[in-house]
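Each chain, written out:
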Amino acid sequence: QGELVESGGGLVQAGDSLRLSCAASGRTFSNSAMGWFRQAPGKEREIVSAISSSGDSTFYADSVKGRFTISRDDAKNMVYLQMRTLKPEDTAVYYCAARQYYSSISYYLKNYDLWGQGTQVTVSS
């Protein structure tokens, strides 16, 4: 089945940068599209970014476009989310997810079937 473990969250000030990492284990995820999602208190979980299995196709939510960059290193079984110019509204728990055995990106949570436990990102103003 595999496992995803996120790391890299923390408390930062507005304008700072963070890089989130997602370590995949248990099997290879090179044939799986991967995504980053976030959930703020009192809000629904939403997609932030996604990357196809090949890495050729990426998606960004409008709210993070131009500030966040998703990448993957299949040799290390890792997925990253580089976050720049962070804003207080980026505060949320960030989750890594896999769309196992599907190569293409999906915008929908229901299409991701393996999730990490999440990492908290807090941006102070």
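For the structure itself, consult the block above.
Right, let's walk through the structure included here. Quick caveat: nothing in here was measured; it's all calculated off a predicted structure.

## Remarks on unusual backbone geometry
Glycine aside, negative phi is the norm for most residues, and most peptide bonds take the trans geometry. Despite not being glycine, T85 shows a phi value in the positive range, around 45°. As for its placement among the helices and strands, T85 is situated in the loop between β8 (78-83) and β9 (92-99). At Y101, a position not held by glycine, the phi torsion is positive, near 70°.

## Here's the deal with the sheet that holds strand β3 (residues 18-25)
Pairing within the open sheet is antiparallel, and its four strands lie in the order β1-β3-β8-β7. In this open sheet, the two strands that pair with only one neighbour each are β1 (3-7) and β7 (68-73). Sheet twist, expressed as the mean angle between neighbouring strand axes with direction ignored, is 15°. Relative to β8, β7 runs antiparallel, the two sharing six bridges. Paired with S71 across the bridge in β8 is Y80.

## Some remarks on the packing of aromatic side chains
Scanning all chains against the criterion turns up four aromatic pairs. Here F37 and Y112 contribute two aromatic rings whose centre-to-centre distance is 5.0 Å and whose plane-to-plane angle is 75°, an arrangement assigned as edge-to-face. Separated by 75 residues along the polypeptide, F37 in strand β4 (residues 33-39) and Y112 in the loop between β9 and β10 (114-115) bring together distant segments of the chain. When sorted by exposure, F37 lands in the same class as Y112, which is buried. Centroid distance F37 to W115: 4.8 Å. Interplanar angle 50°. Geometry classified as tilted. Of the two residues, F37 is situated in strand β4 and W115 in strand β10; the sequence distance between them amounts to 78 residues. With relative accessibility at 25%, the residue W115 sits in the partly exposed group. The structure contains a cluster of three or more aromatic residues connected by ring pairs, namely F37, Y95, Y112 and W115. When the ring centre of F29 is taken as reference, the NZ or CZ atom of R27 above it lies at 4.2 Å.

Rules behind the numbers
Residues numbered from 1 in each chain as written. Predicted model: local features only at pLDDT ≥ 70, side-chain atom pairs only at ≥ 80, totals over all residues. Heavy atoms only, no water. Helix = DSSP H or I, 4+ residues; strand = E, 2+ residues; numbered from the N terminus. Pairing = 2+ DSSP bridges. Axes fitted to C-alpha atoms, helices over the stretch in contact; angles between N-to-C directions. Phe/Tyr/Trp six-rings, centres within 6.5 Å; stacked < 30°, edge-to-face > 60°. Buried < 20%, exposed > 50% of the residue type's maximum accessible area, 1.4 Å probe, protein only. Lys NZ or Arg CZ within 6 Å of the ring centre and 35° of its normal.

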